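Okay, here's what each chain looks like letter by letter:
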Amino acid sequence: MTAAAAEPRETSGATTALVLAFVREQAGDAAVGEVLRRAGVPFSAAQLAEPSTWTSYDTRIRLFTAAAEVLEDPHVMFRMGAESLRTGMAPALVVLVRAMGSPRQVFQRLPKAVANFSTTSTMTVLEAGPTSATLRYVLHDGYVHSRLDCDYARGLITMIPTIFGLAPAHVVHEECESSGYEACIYHLSWDRRSRWPWGRRRSASADPELTALRGQVRSLQSAATDLVEGGDLETVLARIVERAAAAVLAPAYLLAVSSPGGGAPMVHSAGLPAEEIPGLTARLLAGEDLGPGAVTVDVASARRTHGRLAALHRPGDGGLGDERAMLAAYAGHAAAALDLVMALEDSRMEARRAGALLELAHGLAQTVDVHDICQTVVATLPSIVGCGSSGVLLWDPAGAVLRTAASAGLPPEQEALMRAATLRADDVPELFAMLTDREPRALSATGSSGPLRDLLSTLGLTDAIAVPLLAGSTFLGVVTASWSRGEASGAADADVLARLRGVGDQASTALQKARLLETVRHQATHDALTGLPNRALFRERLAAALAASPATGSVGVLFCDLDRFKAVNDTYGHAAGDELLRQVSARLRAAIRPGDTVGRLSGDEFAVLLPRLSGPGDAESVVARVAEGFAEPFRLDGIPVDVGTSTGVAVHTGEAAEASAVAEQLLRDADAAMYRHKHRDRPASSVPRPRD
């Protein structure tokens, strides 16, 4: 309620509710609307009818003035106070007053209860006897006294004996602040006994206490229904605080309940400065005394204790009677509503988890890329497990390290640190143990080994669970669920671990499938002997380079053919020939520039893609380096063997409208150039000879 939040909390909703109820009874809803229009208050009628809505003193006086104008009665505020028992006084307040036993007891305790209705004035009891009392009422400095406010207070005082079945009190009010006196003085008297004739009994419907009790039951039932209809948990908690005013009138309220998933309590309040809420919450949950003006009760049902609720009065102020019983009855209804809402929340959470699991399964079935698989897992894991952040780290067996492949739920800076981190088995005992027993590990920022403790602290995490990703007995990596301070920790939760294992199993299957497909794809596009791109992949990369080349750019192809390769096979055997091809591929890779591609096109034919040439002449430097690579002999079974190469170069400059056709032409041109080189000044045939 934005308007209420901006207003000073000086007048209880119990007062504004009585004003509107009286106007509605006297002249209908149209009159209520006219009062609100004339008063110009930033509230709706529904808001002003809520006991939890506190408004300013100025708003109160404007409502009083507008009501007197609309009803055309300058004395209407006295009538409004005097008839409040009939027109809508809070049933809980009537029950409390009636339980005190006599008007004298009420008047003696009235000054402490005034702050439940208004914080802008102070009441003092100058004298209180069995049938008379004198009250002093002073408006605080900074406020302008209104005779209408005084009339309303006088009417309320008059009404108090009627709660006990007595005639209204007689009030003499000769000293009023509106007339220049320092304070308002009320001299009141009332009859000790009821004026009902002997032998005549009042009907049950006329008994104020019975009527109030019925109203209290209806109020509690209405509160229970309203709370259950709140739907989500946050809405219900806010309504518990709002409706607490129907049970106990107080300037402020504080509710703290346990979070369904653990972690920090859920706190809602009204009328409290923000800076005071954390300290009061800690004391409330610890069961400490919040002071003589506090009424605190447990919010507990037969199933569980959810937390605590407090109605808070200012120091020195308080209620009229046993308000704890009233608040406890209301808290019982609130606890029952929380039971139901939390059960619904659990059902919704399970439905969300089931949906997330289906989403995960669908996402993993749709992708065969390792990166996409890892991203899908970390995106859905928090919904399935209930963690704050998640990650997938993949194992690099060559370096014996874990590296982050994907993460979710961390702030950008922490995510960058996570991706940059590497965990070595030699440095991290937990990782070494996991490699041995393949079991999950619960980790914490206080109980883990140094490297993990430092990493978790740097990431702002307090707890994590790591589950291994396994393909049979092969260790692929780990999937992690983690929590920061204030979030629920699932490290000791068997259900969380079971869900995390299930996600890990799905991720392992998807990663294994992706790696198998990657292997098949690699085998289809690469030479099995040398690992170089084969003719199909080389042609594809050549076409892509031509398509991306600018109008002023050049793309070249270098063709290499080994001299007398057949003689090597015949002389030293095919195993030596295979070894020669592997050594040739290594020397070619060492000779090229970054960004160039070496491919094996057939038996002893190799090609080099030169995608970024400033002109045809740039290719000659690569040709020279390739020739240097063949200057040194190759060692085959420990024997140094001289093997030469014939090379041919073809270069395309400018854009390639038909990249595929140009690629084929370049390959043919380079092949032809290589053929011319091979047969220039060459003897017909010779056997490669080992060096001495």
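Keep in mind that what you see is a predicted model, and the values were worked out from it rather than measured.

About the cut-offs
- Residues numbered from 1 in each chain as written.
- Predicted model: local features only at pLDDT ≥ 70, side-chain atom pairs only at ≥ 80, totals over all residues.
- Heavy atoms only, no water.
- Helix = DSSP H or I, 4+ residues; strand = E, 2+ residues; numbered from the N terminus.
- Buried < 20%, exposed > 50% of the residue type's maximum accessible area, 1.4 Å probe, protein only.
- Contact = heavy atoms within 4.5 Å.
- pLDDT = per-residue confidence, 0-100.
- Phe/Tyr/Trp six-rings, centres within 6.5 Å; stacked < 30°, edge-to-face > 60°.
- Lys NZ or Arg CZ within 6 Å of the ring centre and 35° of its normal.

Engineer: So what's going on with the overall build of the protein chain? Residues and values would help.
Structural biologist: Across its full length, the protein chain holds 24 helices and 20 strands. Residue burial in the protein chain is summarised as follows: out of 692 residues, 49% are buried. In the protein chain, once contacts between residues fewer than 6 apart in sequence are set aside, the share between residues at least 24 apart is 66%.

Engineer: Go over the confidence of the model for the protein chain with me, naming the residues and quoting the values.
Structural biologist: Predicted confidence across the protein chain gives a mean pLDDT of 82, with 86% of residues reaching 70 or more. For residues 1–5, every residue scores under 50 in pLDDT, and the model assigns this stretch seven contacts once sequence neighbours within four places are set aside. A low-confidence stretch, residues 212–217 (pLDDT under 50), is modelled with ten contacts involving residues beyond four sequence positions or located in other chains.

Engineer: How would you sum up the environment of Leu537? Please name residues and give values.
Structural biologist: Among the secondary structure elements, Leu537 is positioned in helix H20 (residues 535–548). Residue Leu537 is classed as buried on the basis of its relative accessible area of 9%. For the pair Leu537 and Gly599, spaced 62 residues apart in the sequence, the C-alpha separation amounts to 8.3 Å. Setting aside anything within four residues of it in sequence, one finds Leu537 in contact with Thr525 and His526.

Engineer: Could you give me a rundown of the packing of aromatic side chains, with the residues and numbers involved?
Structural biologist: Under the defined criterion, the tally for this structure stands at six aromatic pairs. For the ring pair Tyr57 and Tyr143, a centre distance of 5.3 Å and an interplane angle of 70° mean the geometry is edge-to-face. Of this pair, Tyr57 sits in helix H5 (residues 57–70) while Tyr143 sits in the loop between strand E2 (132–139) and helix H10 (147–159); the two residues are 86 residues apart in sequence, bridging distant segments of the chain. Tyr143 sits in the partly exposed class, given a relative accessible area of 30%. With 5.2 Å between their ring centres and 40° between their planes, Phe107 and Trp190 make a pair best called tilted. Of this pair, Phe107 sits in helix H9 (residues 103–113) while Trp190 is found in the loop between strand E4 (184–189) and helix H11 (208–228), placing the two residues 83 residues apart along the sequence. The buried category is assigned to Phe107, whose relative accessible area is 0%. Exposure remark for Trp190: the relative accessible area of 6% places this residue in the buried category. Stacked on the ring of Phe634, the Lys or Arg Arg587 has its end atom at 3.7 Å from the ring centre.

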